[in-house]
Every structure is written in C-alpha cells, then in structure tokens.
Amino acid sequence: MVQLSNLLLGTFALASGTPLTRNDLKACLEDAISGDADRAQFPAEKSFITNDVKYFNLNLKHQPAAVMYPENQEQVAEVVKCAAKYDKKVQARAGGRDFINKCLGGADDAVVVDLKDLNALEVNQRSWMATVGPGNKLRNLIEGLNKNGKRFLPHGVSPTVGVGGHLMVGGLGLATRQHGLSIDLLEQIEVVLANDTIAIASEKRNSDLFFAPPYVELAQLELKTLPEPKEIVLFQYNFTSENPTDISEALKAYHQVMRDANLPRNLGASSSLTRRTFFINGGFFGSDVEYKTLNLEGRLPKMTAKRVVPRTSYIDFFNDIMQSASSFPDAANMYNKDTVVTPGTMPANSTIDAFVDHITTADDGEAGWSFVFDLYGGASNDVAKGGKAFPHRDLIYTLSAATTSDGQTSKAAEESIDTAFLKLQGNRPDRYLSYVGVPNYKLKNAQAMYWGSNLARLRKIKSQYDPSDLFSTPQNVKP
Ligand SMILES: Cc1cc2nc3c(=O)[nH]c(=O)nc-3n(C[C@H](O)[C@H](O)[C@H](O)COP(=O)(O)OP(=O)(O)OC[C@H]3O[C@@H](n4cnc5c(N)ncnc54)[C@H](O)[C@@H]3O)c2cc1C
C-alpha cells in the first residue's frame, strides 16, 4: 500500500517544512480512504477507464470523477461526505452488471463507490442467519453458503451479478416460486445515508429505510438462509425449427404450462427465444419420480432435443445453470427491455402468433437478439404488494430482451425489440409494468413503471433521507 500522505508531503511541503492543506474533492476522497492510493482512482490515471470504470454497456460511456474502493462502512460514509461536500452525485457498484451502467450514475462526474472489499460472508451455525457484504458476486454467495453448512437462498442465475445490486432490484431466480425473492429473506441491513451517517434497518427498526434500500448505500446484509435442496432435477428442452409456426406452437404450449394455477411451486424455469430456437432451462426441487408425474414433456410439443439430469448437489445443479447464464458478455453495446406479465395480462394465442411472426421475420439491425421468459409467481406472490419496494406481487412471468453488438446498437435493433414488446402486449403497453432489474434507457415514466403502486411511498422516503438526490441516476425515484 502506498501512503498518499507521504507523497503529498513531498509534493506540497513548503520550504519552511509546513505542509499546505489541499482543499478539493481529490484530497477529501484520499483522506476518506486513509491515504491508501490504491483505493482512490481518478481520471488522470492511465488505465482509469479499463481498470476502474469498466463499462458494461458500451452504449453508455459516462466518465466518473473518481472510483473509490473503501475498506469498510466508515470509509464509505467518508466518501459519501466528500461527494456531498463537493456537490458530486454518488453511486455504489457491487457487480457492475446493471444493463444501463447505473453504477456510474448515468451522467459524467459521479463518484463511484466500488464495494468489492465489503465482501464478508459468514453463516451463524445456530440461527442460520448469513451476514453478507454487498460486494460479493452471486457465485461467491452460493459457494459461501454451501461451504458454511450447505445453506442457500433464492437468487438470480448469473454468477457475476453483485449481491448489492441484486438486492436493490429484488433478486428473482429459479427458487423464487418456492421461496420468494432474495429480498424476501432479508432481515436487516446496515446502510450509509446521504447525510453520511450509518444506520441499521429492519422491519421493526427504521422500517422506512428497510422498505427502500434503493436510496442508501447498502453496506451489510443479514439474510435468512434455508437448507440446500437435496434433490433437484435439471431439465433443458430445445425446440428448434425453420418454421415459425413450430416455434409459436411451442411458446403457446409453454404459456399453458405457465398459467396453470396447479403448477407446483418447486418448479422454476427460464426460457429463451431466438429466431429459430426456443430453449427451456429449469429446475425441479424434488425427486425425479415427482418430476415425471408433472408430465411437462407431454405438455410441450415439437421438442427437438432434451436433457434431464437428476442431481443431489445444489452446487452441481447451479454450475450447470450458470454455465448457460455466463455466456453473457463482460462488456458489449447492448439494448435491453423488460415487461412483467400478470394473470390479467397473459397474452392470447393470436398475440403470441403476432409476436413470433415479428421476431422471426423482422429486421434485427444485424445485431441478433434473445427474448427470455422467466417463470415466477408462487411464493413471491404471497408477499403483500406494499410489503417490500419490489411491487410485482402478481407475477406469472417476466419477458426480457437483450441485443448485443460490437458497435453502437442500431436504431433498427432497438425499434425491432420495442415492436416485439408491443406485439406481446397486444399494443397495450399501459397495462404492463417493468422489472427494475432489467432497465431500459429509453423507458418513459420509468419510476412509475418500475415501482408501480409503491412509488408514492418511495418518493416520500427519498425526500426524507436523500432530499438533494445525492444517490442519483436518471431513472431513480426523485425526491
Ligand atoms: C447476465 C445477467 C443476468 C441476470 N439475471 C438475473 C436474474 O436471474 N434475476 C434477477 O433478479 N436479476 C438478474 N439480472 C439483473 C441484476 O440482478 C441487476 O442488474 C443487478 O442490479 C446487478 O447488480 P450488480 O451489483 O451486478 O450491478 P451494479 O451495476 O454494481 O449495481 C446496480 C445498481 O445497484 C446499485 N447498487 C449496487 N450495490 C449497491 C449497494 N450496496 N448500495 C446501494 N446501491 C447499490 C448501483 O448503484 C446501481 O445503481 C441479471 C443481469 C445480468 C447482466
């Protein structure tokens, strides 16, 4: 570790030996991390963009004023204090896997607080509560819980997503129908507020703060954990055809499965659709025998390939699942969009036909795309709509789309995805909300779309705890 104070003394000492006090953002931030030069990076550094800014979505290249790597909550608070003092916006970064680079603040000149070193992971062997730092990636979380007593909790499918950002949006995954969202197992948080104080929040203590983690720097989490499932069946079904009608038939049959009110909660699935292939990737948290009684295969026509693997290790199962999720690039020009589908807005067969017709024939701007249908509902719908900030407590599935390319995403690709959504929504986008975990940079009225009926309360909390919108992005709830 290079002590900045030594360097600064050398640079700024007067002939008399009296050091000058520097009064600027850089000096303040350097003090905030106790003068450890590696923990404070600024645009003047040669490799600032590649090593520190690390754009995920190359369409959105905002340049921060600094990227900070604090060691603990206290240093996070000091960084926040400096940013406020010098009138800079602040955003935390956990995994850096937000589709619109929210961690960079959505504009130039923000202070980015990278939480990679807030990566504690402990499991109390009596209460089975996990203490988790937000800087962990999902892979560390899953492996850490496994090593500490074979515990687990519901979470998303990408190993590189950060715990901090995942808990900010909710955390939906294959076990969500059985156990809810990651955020539903959250019991307590330790946060740094915009006034640079540190607070603890839970259902009983600072309950508004607990409801609204999006407006604070989440420094530590206490999460309930569950015993790992002992039997899991991994299933992968592939429907590939040059004939759009076959793809449409498969998707319609899958909609019948998704809308089935008797579908067991211990079934989770994600499926992706490209021009010629519909692929279902899922897990049944039970025995092979129970799985067979569901007769999924009999309900899904036109299958061209399948892989069904009973597993007794959750880690093995998840490695399989994550392998397909890991194929997402570390950086690319990308355009993403999402919509939330409820029992009242399930598309009719004719609507599904129109959607498939569009994606199998329309100009994709040569970028290529994929549409992902993630089956949810079940336990996640047991929580009241106003119980947590995540408002979608009447979910059947989410549809998200991604297009990635080497250069700036073309207008044609963006418009084609927008049109596909309109088709699936039967040209009634006003009936649909959107999951904040898959944000869209063109979304109009974004706050209402992401937070639905919880927006009014979130605004109130934001006004109380962050009235100057210090923790800011273009689409966050404003005071
Ligand atoms: C390939 C891929 C697959 C995905 N799959 C799923 C899935 O299966 N299920 C699902 O629910 N979501 C999924 N997501 C969405 C993902 O959960 C969100 O993008 C999430 O917000 C990313 O978190 P991050 O920490 O990696 O991102 P970051 O870019 O670091 O953070 C995202 C936002 O959260 C804020 N934030 C992060 N940490 C903190 C903190 N400690 N305190 C305050 N604010 C914080 C940041 O400031 C930023 O605004 C996926 C994303 C990708 C890229």
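Residues numbered from 1 in each chain as written. Predicted model: local features only at pLDDT ≥ 70, side-chain atom pairs only at ≥ 80, totals over all residues.

A. Main features of the site of the ligand. Close to the ligand lie 32 residues, the nearest being Gly-95, Gly-156, Gly-162, Gly-164 and Gly-165. Elements supplying a minimum of two residues to the shell around the ligand: β3 (90-93), α6 (163-169) and β10 (217-224). If you tally residues by element for the shell around the ligand, the top one is α6, at 5 residues. Split into classes, the residues belonging to the shell around the ligand amount to 13 nonpolar, 14 polar and 5 charged. (Near = placed C-beta within 6 Å. Helix = DSSP H or I, 4+ residues; strand = E, 2+ residues; numbered from the N terminus. Nonpolar A, V, L, I, M, F, W, Y, C, P; charged D, E, K, R; others polar.)

B. Layout of the sheet that holds strand β5 (residues 121-123). Reading across from one edge, β5-β6-β10-β8-β9 is the order of the 5 strands in this open sheet, with antiparallel pairing throughout. Because the sheet does not close on itself, it has two edges, and the strands there are β5 and β9 (198-202). Strand-to-strand twist of the sheet, defined as the mean angle between neighbouring strand axes without regard to direction, takes the value 15 degrees. For strand β8 (residues 186-192) and β9, the ladder comprises 5 bridges, and the chain directions are antiparallel. For Gln-188, the partnering residue across the bridge sits in β9 and is Ser-202. (Pairing = 2+ DSSP bridges. Axes fitted to C-alpha atoms, helices over the stretch in contact; angles between N-to-C directions.)

C. Inspection of the nonpolar core at higher detail. Core analysis: the largest hydrophobic core is formed by 125 residues, its most contacted members being Met-68, Val-79, Val-111, Val-113 and Val-191. Of the residues forming this core, the biggest block, 6 residues, is contributed by helix α4 (residues 73-85). Setting aside its immediate chain neighbours within four residues, Val-111 contacts Pro-64, Ala-65, Ala-66, Met-68, Val-79, Ala-83, Lys-88 and Val-90. (Core = buried A, V, L, I, M, F, W, Y, C linked by C-beta atoms within 7 Å. Buried ≥ 20, exposed ≤ 12 C-beta atoms within 10 Å, placed from the backbone. Contact = placed C-beta atoms within 7 Å.)

D. Structural context of unusual backbone geometry. Not every positive phi belongs to a glycine, and Ser-34 is a case in point at roughly 55 degrees. As for its position among the elements, Ser-34 is in the loop between α2 (25-32) and β1 (40-41). Phi angles above zero are rare outside glycine, and Asp-109 is one such case at about 85 degrees.

E. Quick peek at the pairing of strand β4 (residues 111-114). Both faces of β4 are covered, namely the face carrying Val-111 and Val-113 and the face carrying Val-112 and Asp-114. The sheet contact formed by strand β2 (residues 66-68) and β4 spans 3 bridges and is parallel. Within the sheet, the bridge partner assigned to Met-68 lies in β4 and is Val-113.

F. Local environment of the domain arrangement of the protein chain. Looking at the assigned domains, one finds that the protein chain contains domain 1 (21-114), domain 2 (121-228) and domain 3 (232-453). With centres defined by C-alpha atoms, the gap from domain 1 to domain 2 works out at 23 Å. The interface is formed by 13 residues belonging to domain 1 together with 18 residues belonging to domain 2. Among the elements that make up the side of domain 1 that touches domain 2, the one with the highest residue count is α4 (6 residues). A class-by-class count of the residues in the side of domain 1 that touches domain 2 yields 7 nonpolar, 3 polar and 3 charged. (Domains from an automatic or database assignment.)

G. The arrangement of the confidence of the model for the protein chain in detail. The share of residues in the protein chain with pLDDT of 70 or more is 94%, and the mean pLDDT across the chain is 92. In the predicted structure, residues 1-19 sits below a pLDDT of 50 and forms 14 contacts with residues beyond four places in sequence or in another chain. (pLDDT = per-residue confidence, 0-100.)

H. Summary view of the sheet that holds strand β16 (residues 333-341). With respect to topology, 7 strands assemble into an open sheet ordered β15-β12-β14-β13-β17-β18-β16, the strand pairing being antiparallel. The strands lining the two open edges of the sheet, one partner per strand, are β15 (305-311) and β16. Each neighbouring strand pair of the sheet contributes to a mean axis angle of 15 degrees, computed without reference to strand direction. Strand direction decides the pairing type here: strand β17 (residues 370-375) and strand β18 (residues 397-405), joined by 6 bridges, are antiparallel. Looking at the pairing, Phe-373 lines up with Leu-399 of β18. Contacting β12 (232-240), β13 (267-273), β14 (277-284), β17 and β18, helix α9 (residues 244-259) crosses the sheet at an angle of about 25 degrees to β14. Against the sheet, helix α14 (residues 411-424) touches β16, β17 and β18, its axis set at about 10 degrees to β16.

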